[in-house]
Every structure is written in structure tokens, then in C-alpha cells.
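Chain by chain, the residues:
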Amino acid sequence: MIQQEKGNTAMARFDGHVAIVTGGASGIGRASWQRLADEGATVVVTDIADRCEGLDDLGARGLFVQHDVRSREQWQALVETVRGRWGRLDILVNSAGILREGTVEDTDYETWRQVMAVNVDGTFWGCQAAIPLMNDSGGGAIVNVSSVSGLKGDAELAAYDASKGAVRLLSKEVALFCASRNYPIRCNSVHPGVVETPMVTTFLETMKLSDVADWSQPIGRLIRPAEVAGMIAWLSSSAASLVTGSEFTIDGGATA
Amino acid sequence: MISLKGKVALVTGAASGLGAASALLLAQHGAQVVHADLKPWPEEDWHAIDVASEAAWRELVSHIVAKFGRLDILVNAAGISLEGDTVLECTAETWQRTMAVNLDGTFLGCKHAIPALSAGGGGAIVNFGSVLSQVGDGNAAAYVASKGGVRLLTRSIALHCAKARNNVRCNLVCPGYILTPMVEEWLKGLPAGARGDLEARHPMKRLGRPEEVAELVLYLVSDEATAVTGGEFNADGGFTAW
């Protein structure tokens, strides 16, 4: 049971914190910025789409930036915008991601590059751009959205699996780098199972019902974006002060 | 913030270290906490239990259900790490006692708590593994084996409960080296510099505090984690990342 402390004087968990959330127009990214904002954060939401519904309600605590995560230049510009406007960055949620079906034999190079560019390069450039400002802010937390597909293989998802596996190890690398330099920045990956997001439901529509059954998770239901957002918020918070370089699954038992 | 109001939680190993920190944090978030430990404690809702005794588990769970009418949360934090635990030194007694407390105790707790958790509409179990559930050590044969066992037992229980659709979740917490009485006592017997060496095995270059592990326990037993089961969650300062 979550009790939101709206309209009272108690400090919310993320009061005064500034967060960047990519892929924020839909799915896990959207649920994440909503949760962080509900608990006091100022949220800078980015997406390849040209708008993000609902962000206006936050007034000065919300900013939308159309952003292609594949571009190192756009990442640098985004972080400079945040530095100029708020002078700090506490949380980065790399949620932008795409899924393309294909086996190792039938995935063409263009598709492979597209998946790698968004899921892996996008996460990498994000971490690289964010770390200096986070460090100047006195520390922070990075949460990279991987997948159960970063933990186990699937014959039909060659590029997606490889990209999410890369995000898993990249997160550990970032965690170890920051610890080794005494930067007070933690970095972890989350590994959702099948979540009820536009990305996944669009994908499921293309599959046969028997395939969908194969995908079903031991708990027998899809995971809600808000549940993943809860884990992301926890990892972003000071409650997770000892947690870095770890992989957090939220998959209803799918990798048990 | 997370509220556990109206929930009844049983925490083993509650007299010290990770169990004590978990019990305290759960209580601070509104849970009715029943404390269990090998040591007797002269307070209400403190129970002396040898977790390796099946009869003791039966009695304790029945007592809780009779007294509070429900059980929602089980935290199996009781654990031991004994001296002389290299594969060559480890005696049959050390091996058996370590297995009995760490692995049998966790099994028996889950076995006897699940019907009570299920009867109340569901609940959450947190078992205590360790980074030594995931990697070896060289000086902790029985301990590592027992914690590796707890890791897979946890997954097996999660799958059983998911299949049974009883709304009981089961997860594993894997702490690094934490400043508990168990670890402090162990460090006392080691040469000077051992603590610094131990800290250096954690990328964060420090040992954890029990409260930091308790925060993870709180998250996992709360309704925040309703989709989380069969997982293993490290609070280890990066110990297993390199």
C-alpha cells in the first residue's frame, strides 16, 4: 500500500531532485517519470516522439525534450540544458528502447544496428553525458532498463537479447567506474518480464496465441508499468545506498 | 512511503544484525512484528526458536495465527557462519550445523509459513542469501554451500507458489559483508589490515550497514513489489559486479 503524501508538509522522497527519463512518452518511461514526479522530483522527459501527454500538469517541475538517444551530440545538449536550468542532476532513467523480432539468421544488418543504436548506444551516451553533472551535484543514481532478455536467450529475438545483455554489463561497468573514481553515483539495471506497454502489446499482436502462452510468466499475468516504475524509483532513492552494479528482476518468476 | 499497517511479520534472527535491522524497519512502517531468535528475550512477541527444529516452527506459526489471526510476511534472517570452514578443515559437526540453521531452517520456515500466508490471501517471504550464494570464497565451504542452497530453494518456492496461484512471493536478498555482530566478531580474530582488505573487495570500498539491507527487505515484502518473485537482489556495494 503506497501512501502518497500530497498536499502535506512531509518531505517527499525526491523533493528537490532533478531526473532525466528517456522514452518517457509511453510504457515504463512514462510510468517512471510520473512516479518520480509524484514523489517530488523535477522531471526532464525525453522521447523520439514529438510530445508527451500530461507533462504540462507539472508546470515548472516538468520539461519535455524531443531527443534521439542515439545521438551523442543531443545527449550533451540535453545535459547542458539541465545544467543551465537547474544546475544539478540526481537521477537518470534510460528507458528508451525498441524491440525487433528476428533470429540470428534472418536479422538484417540494418535492423541489428537500429536495435543496438537505440538500446545500447543510447544508454551508453546517456551515462557518459550524465555522469559529470551528477558528480558535480554531489552524486546520483542511474537506472538502465534492460529486460529478462538481458538474462536469458530467446531464439526469435537475436538483436534485442544481445542489446539487453549489453545494457546489463554496461551498467556494471558504469557502477565500477564511478566507485573506482569515488564518484557517489550508483548504477543498476532492471530486468522486467513481459510488461503491458505499447512496445510489448504491439509485438504480442503479431504472435500466435500459442506463442503468447509460451511467454506467460509464472505469476500468470503481465506486469504493469507502474510496478516497474516502483522498482526504478526505489533504486533511484537513498534506500538503495548500498546497491550498485546489480541487476534487479521484476518478472513474476520468469527467470527463477 | 511504504505502509505495512495491518500486516503481521515474522522475522527470525531478530536479536541482532540483519534480522534486528529488518524487524525494526518493518515495525517502523507499521507491521506487527513477531521476533524469533535462538536467544530467549524477555519481551512480548519475542520467541526463542531453533530454526532447525520443525516442531518449533509448527508451534510458532500456530501461535502467531492463533494470536493475530494471520501471517503476511516471513523474513528468514537467522544464519550462522562458523570458524574452521575451509573444505579441508570443516568438520562434520560444522557442516551439519551450518546446513541445519542456514538451509534447513529456511526450508522449514517457508514450508510452515506458506499455508498461513496463503490463508490470509497471500504474502511475501524474504530469504537471506549472501554474495556467497553467487560466488565462492575459499574459506567458507559449508557457509557457501548453504547459501547457494538457499538461493535455489528460493526460486523453487517462488515457482511453486506462482503455480499454486496463492499470491505468495518469495525472493532472495544477497548482502555483501555488512557490519553485523557476526562479521565484527569474525574480524576480531583476523590480523590487522583484514578489515581494510575486506572493504577493498567491495567497489564502494566500505562495509554495508544493516539498515541498508533492511531497506531492501522492506521493499521486497511491500506491495511495491507485487510483480517480484523468484528474484535475487544484491545489496553489496558492487561486490558481485566485478
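Summarised in this report is the structure supplied together with it. (Residues numbered from 1 in each chain as written. Chains lettered and ligands numbered in written order. Predicted model: local features only at pLDDT ≥ 70, side-chain atom pairs only at ≥ 80, totals over all residues. Heavy atoms only, no water.)

Turning to the overall build of chain A, a few remarks are in order. Along chain A, the regular secondary structure elements total seven helices and seven strands. Across chain A, helices and strands are ordered from the amino to the carboxyl terminus as β-α-β-β-α-β-α-β-α-β-α-α-α-β. In terms of overall dimensions, chain A is globule-like: its C-alpha atoms have a radius of gyration of 18 Å, near the 18 Å expected for 256 residues. Considered along the principal axes of its C-alpha atoms, chain A spans approximately 50 × 40 × 35 Å. Counting over 256 residues, chain A shows a buried share of 55%. Taking as baseline every contact in chain A between residues at least 6 positions apart, the subset at least 24 positions apart corresponds to 68%. Just so you have it, chain A exposes about 10600 Å², and 50% of that area is on carbon and sulfur atoms. (Helix = DSSP H or I, 4+ residues; strand = E, 2+ residues; numbered from the N terminus. Rg over C-alpha atoms; globule rule 2.2 N^0.38 Å. Buried < 20%, exposed > 50% of the residue type's maximum accessible area, 1.4 Å probe, protein only. Contact = heavy atoms within 4.5 Å. Areas by Shrake-Rupley, 256 points an atom, 1.4 Å probe, with all protein chains shown as cover.)

Once that is clear, we can look at the side chain of H35 of chain B. All names here are of chain B. Structurally, H35 can be placed in strand 2 (residues 32-37). By relative accessible area, H35 is classed as buried at 15%. Excluding residues within four positions of it along the chain, H35 makes contact with V11, A14, A23, D45, W46 and H47.

On to the interface of chain A and chain B. Contacts between the two partners involve 38 residues from chain A, matched on the other side by 36 residues from chain B. Taken together, both faces of the contact between chain A and chain B bury some 3100 Å²; the carbon and sulfur share is 57%. Seen at the junction of chain A and chain B, the total is one salt bridge. Counting across the chain A and chain B interface gives 14 residue pairs in polar contact (both at pLDDT 80 or more). Every element with two or more residues in the side of chain A that touches chain B is listed here: helix 4 (158-180), helix 7 (225-236) and strand 7 (247-250) of chain A. (Buried area = accessible area lost by both parts, 1.4 Å probe. Salt bridge = Lys/Arg side-chain N within 4 Å of Asp/Glu carboxyl O. Polar contact = N/O pair within 3.5 Å; in protein donor to acceptor, adjacent residues only side chain to side chain.)

Structurally, L60 of chain B can be placed in helix 2 (residues 54-68). Discounting chain neighbours no more than four positions away, the residues touching L60 of chain B are L10, A36, H47 and I49 of chain B.

With that settled, consider the packing of helix 1 (residues 17-28) of chain B against helix 7 (residues 210-221) of chain B. All names here are of chain B. Closest axis-to-axis distance for the helix 1/helix 7 pair is 8 Å, and the angle between their directions is 55°. Regarding the angle of helix 1 to helix 7, the classification is oblique. As helix 1 packs across helix 7, the resulting crossing turns out to be right-handed. Two secondary-structure elements touch here, helix 1 through G17, L18, A21, S22, L25 and L26 and helix 7 through P210, E211, V213, A214, E215, V217, L218 and V221. (Axes fitted to C-alpha atoms, helices over the stretch in contact; angles between N-to-C directions. Parallel < 35°, antiparallel > 145°, perpendicular 65-115°, else oblique. Left-handed = near helix turned anticlockwise from the far one by under 90°.)

What follows concerns helix 3 (residues 109-136) of chain A. Relative to the 40 Å expected for 28 residues at 1.5 Å per residue, helix 3 of chain A spans 39 Å between its end C-alpha atoms, a close match to the ideal helical length. One or two steps after helix 3 of chain A, the chain reaches G138 of chain A, where phi turns positive at roughly 95°. (Expected span 1.5 Å × (residues − 1).)

The next thing to look at is the side chain of S189 of chain A. Among the secondary structure elements, S189 of chain A is positioned in strand 6 (residues 185-192). Overall, the relative accessible area of 1% leaves S189 of chain A in the buried class.

Considering all chains together, one arrives at 26 salt bridges over all chains under this definition. Here D72 of chain B makes a salt bridge to R70 of chain B, at a shortest N to O gap of 2.7 Å. Look at D72 of chain B and you get buried, because its relative accessible area is 5%. Between E232 of chain B and R151 of chain B there is a salt bridge, with its nearest N and O atoms 2.9 Å apart. One end of the pair, E232 of chain B, is in strand 7 (residues 232-235); the other, R151 of chain B, is in helix 4 (residues 141-164), with 81 residues separating them in the sequence. A network of salt bridges, in which partner residues are shared, links R13, R35 and E39 of chain A together with E224 of chain B.

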